[in-house]
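# Analysis of the macromolecular model
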Amino acid sequence: MMEVYRCESPDCEFVTQREDLAVCPLCGGMSFVPADPEEITPKGWLCLCREAARAGNQRQAYGFCCRGAEGDDPACLCEKGRRLHRGSGTLRSFRQAADCFERAAARGSDDGRCLLGLCFEKGEGRPQSWENAVFLYKQAAEDGFAPAQCNLGWCYEFGKGVPMDKKAAAYWYGMAALQKEPRAQCCLAVCYLNGIGVTPDQSRAVQLYGLSAAAGYPPAQCALGGLYEEGRGVPKDPARAVRLYRRAAETGLDRAQYALGRCYEKGIGVEKSAADAACWYGAAARRGHAAAQVAFGLCCEFGDGVEQNKPAAVEWYRRAAHQGEADGECNLGFCYQQGIGVASNDAEAVRWYAAAAEHGHRRALYCLAQCYEEGRALPRDPAQAAALYLRAAEKGSEAAMNRLGFLYETGTGVPRDVERAVDWYRRAAELGYAPAQCNLGWCYESGSGVAKDPVRAVTWYRAAAEQDSPRGQCNLGVCYENGIGLEPDAAEATRWYRRAAEQGYGRAQWYLGMNYEAGKGVPQDLAEAARWYEKAAGQGVIEARYAWGRCCERQGQREEARRLYREAAARGSEKARQALERLEANG
């Protein structure tokens, strides 16, 4: 053992390895003399242990606390047990750690009782027993040991080893909080915020969170950040929320890392940064935070802030799914259905959708309903599909509301009821869902399930069109062209057709081609008409193929026209068949 020095003050037990230490941190003494190991007290060995630990020499630190524990000193036994428990400077051993805590508890150490209680609580080094844990916590708590009071409060709050008693939980949290125990202050804040065993009091909750956060307790910093983000009990202050999240995140608290990632993703209190969002989501995901695993999976899937890596996204979704995270289960199902980062497998997709649907996940309910409706890895069952769509719709899924409307309109899986169809379309439309706005517009235009009202039809088509819905834009164009619900305007019709056509909407490409061919709303241009007809034909619009042939014929390209008429006729176009007969008859 290297040379050590003790403080020369008679009642001070401080010992150090530092030759250059000028002032004793315990008593302020300024004189040190060489110490013989045999005269070092357990407290002195603890001083040496902590000094070595601060210097990063954990093995030496463990050796020092072992020397101090040789006489069964409770503080040294507890320190030795902690190091055995986490494997600091020695091999990890839960059993030996629990033995140390038990020896300390037998010497009347409340710290030892509390630590041994944790061993029983977690089943580490001792058989799991909530009853034994509570017995030990209660002994130490009644002696006024704040960590044990906090642990006992938690047991009462959640009914672990004792009957659930919210008032008793708040009492013990309060006793520990009076001793400025940061964890207890945070737990008591939760009680005041949510009325657990006490009358709700937001201002008291904020005060307690503030005390705990100021003491450096990361969960309190994160919780207080949430209050500032929401403006709950405090003035809304997103920037302050971010500062609190960051302090907690930098200690490794996964939920704070996730919250900070969300702030960077959405620009809450900080400038948006996909890279920073991905960084913090990734940090939390690697610590096992299920929601962060989903969020980081999305970053990997779409290349937001990180290099796109769809197989990695699947694995992050899988990790979250195995924790029962419904978003992870649903996303994993979707990847299997679409073959995103993994081989397409409808049976696996259904399995994961069903798992998420068990949690009431509305998107999973919708996707599972689609599988039943389409007979994808399941027997086709429109009635079951309708039931699942209804569950999803009741949870606020606009897509499910819209689909229910279609099922009622067509009588698929439910009795046909056009009034109910309109009702479901309206619910989704009023939530801003563009496909439902188009469907509701059509109902008003055609008078299906509602009194015919072209003006209202235009209103709903326009609502969808302004969300860049190509179907809404095309339908609005039709209204402008034909004077449905407003004054005819060929130029405005063409403008809306173009916006839809440029998004690849086949029907709008066909209509735009017709306007170029006829010179309606634009100068006549057969070549441009043919270009749009070709695009529409590529989208499967049969009459566009016929119209494309007609443009070719008008430009003297008879053989090309004949080919296109033949193709359109083979696909069922009567006009193309007649045009082909005419060409053949004329040679």
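Let me sum up the structure you'll find in this document. (Residues numbered from 1 in each chain as written. Predicted model: local features only at pLDDT ≥ 70, side-chain atom pairs only at ≥ 80, totals over all residues. Heavy atoms only, no water.)

### Side note on the overall build of the protein
Tallying secondary structure elements over the protein gives 31 helices and three strands in all. Rg of the C-alpha trace for the protein: 36 Å, well past the compact-globule value of 25 Å for 587 residues, more than 25% over. Buried residues in the protein amount to 49% of all 587 residues. In the protein, once contacts between residues fewer than 6 apart in sequence are set aside, the share between residues at least 24 apart is 42%. Taken as two groups, the 74 positive and 76 negative side-chain charges of the protein have centres that lie 2 Å from each other. (Helix = DSSP H or I, 4+ residues; strand = E, 2+ residues; numbered from the N terminus. Rg over C-alpha atoms; globule rule 2.2 N^0.38 Å. Buried < 20%, exposed > 50% of the residue type's maximum accessible area, 1.4 Å probe, protein only. Contact = heavy atoms within 4.5 Å. Lys, Arg positive; Asp, Glu negative; His and termini not counted. Charge placed at Lys NZ, Arg CZ, Asp CG, Glu CD.)

### Section: the packing of helix H2 (residues 58-69) against helix H3 (residues 74-86)
H3 packs onto H2 with a crossing angle of 145° between their chain directions and a minimal axis gap of 8 Å. Every pair of crossing elements has a handedness; the one defined by H2 and H3 is left-handed. On H3, the residues touching Gln58, Ala61, Tyr62, Cys65, Cys66, Gly68 and Ala69 of H2 are Cys76, Leu77, Glu79, Lys80, Arg83 and Leu84. Of the residues in the contact of H2 with H3, the class split is eight nonpolar, two polar and three charged. (Axes fitted to C-alpha atoms, helices over the stretch in contact; angles between N-to-C directions. Left-handed = near helix turned anticlockwise from the far one by under 90°. Nonpolar A, V, L, I, M, F, W, Y, C, P; charged D, E, K, R; others polar.)

### As for the nonpolar core
Among the nonpolar cores identified, the biggest contains 190 residues, and Leu188, Tyr209, Leu224, Phe296, Leu368, Tyr389 and Trp510 are the most heavily contacted of them. Those residues in contact with Phe296 that sit more than four places away from it in its chain are Ala278, Tyr281, Gly282, Ala285, Arg286, Val306 and Trp316. Formed by eight residues, the second largest nonpolar core is a distinct cluster that contains Tyr5, Phe14, Leu21 and Cys24. (Core = buried A, V, L, I, M, F, W, Y, C linked by side-chain atoms within 4.5 Å.)

### Thoughts on unusual backbone geometry
We note that Asp72 has phi near 65°; this positive angle belongs to a residue other than glycine. Among the structural elements, Asp72 can be located in the loop between H2 and H3. Residue Asp72 is classed as partly exposed on the basis of its relative accessible area of 24%. Of note in the backbone geometry, Lys180 takes a positive phi value of approximately 65° without being a glycine. Turning to its location among the elements, Lys180 is positioned in the loop between helix H8 (166-177) and helix H9 (182-194).

### So, the pattern of salt bridges
Evaluated as defined, the whole model comprises 34 salt bridges. Across the pair Asp453 and Arg456 runs a salt bridge whose closest N-O atoms are separated by 3.6 Å. Taking the relative accessible area as the measure of exposure, Arg456 reaches 45% and is therefore partly exposed. Between Arg563 and Glu560 there is a salt bridge, with the nearest N and O atoms lying 2.4 Å from each other. Remark: Glu560 and Arg563 occur in helix H30 (residues 558-570); sequence separation between them is three residues, near one turn of the helix. Residues joined by salt bridges that share partners form a network here, namely Arg95, Asp99, Glu102 and Arg126. (Salt bridge = Lys/Arg side-chain N within 4 Å of Asp/Glu carboxyl O.)

### Details of the side chain of Thr16
By the element assignment, Thr16 lies in strand E2 (residues 15-16). Side-chain polar atoms of Thr16 contact the side chain of Glu51, separated by 2.5 Å. Not counting residues within four places of it along the chain, the set of residues in contact with Thr16 comprises Val4, Tyr5, Leu21, Phe32, Leu48 and Glu51. (Polar contact = N/O pair within 3.5 Å; in protein donor to acceptor, adjacent residues only side chain to side chain.)

### A word on the sheet that holds strand E3 (residues 32-35)
If you trace the three strands from one edge of the open sheet to the other, you get E2-E1-E3, paired in antiparallel fashion. One side of each edge strand has no neighbouring strand; the edge strands of this open sheet are E2 and E3. Sheet analysis places strand E1 (residues 4-7) next to E3, joined by four bridges and oriented antiparallel. The residue bridging Tyr5 from the neighbouring strand is Pro34, located in E3. (Pairing = 2+ DSSP bridges.)

### Some points on the packing of aromatic side chains
What the rule picks out here adds up to eleven aromatic pairs. For the ring pair Trp154 and Phe158, a centre distance of 4.8 Å and an interplane angle of 45° mean the geometry is tilted. With Trp154 and Phe158 both in helix H7 (residues 146-158), this residue pair falls four residues apart, about one helical turn. According to the relative accessible area criterion, Phe158 is partly exposed, its value standing at 38%. For the pair Tyr546 and Tyr565, a centre-to-centre distance of 5.7 Å together with 35° between the ring planes defines the contact as tilted. Taken together, the positions of Tyr546 in helix H29 (residues 542-554) and Tyr565 in helix H30 put the pair 19 residues apart, joining distant regions of the chain. For the pair Tyr546 and Tyr565, one class covers both residues: buried. Positioned above the aromatic ring of Trp424 is the side chain of Arg427, whose terminal nitrogen or guanidinium carbon lies 4.1 Å from the ring centre. Over the ring of Trp548 we find Arg563; its NZ or CZ atom is 6.0 Å from the centre of that ring. (Phe/Tyr/Trp six-rings, centres within 6.5 Å; stacked < 30°, edge-to-face > 60°. Lys NZ or Arg CZ within 6 Å of the ring centre and 35° of its normal.)

### Notes on the environment of Trp352
By the secondary structure assignment, Trp352 is in helix H18 (residues 346-358). Since its relative accessible area comes to 6%, Trp352 is described here as buried. For the pair Trp352 and Ala364, spaced twelve residues apart in sequence, the C-alpha separation works out to 8.4 Å.

### Notes on the state of the cysteines
Counted under the stated rule, the structure contains zero disulfides. With no disulfide of its own, Cys7 lies closest to Cys27 among cysteine sulfurs, the gap being 3.5 Å. In this structure Cys187 is a free cysteine whose sulfur lies 4.2 Å from that of Cys150, the closest cysteine sulfur available. (Disulfide = S-S within 2.5 Å.)

### Observations regarding the pairing of E1
Each regular strand displays side chains that alternate between the two surfaces of the sheet. Examined bridge by bridge, E1 and E2 share two bridges and lie antiparallel to one another. If you follow Tyr5 over to E2, its bridge partner there is Thr16.

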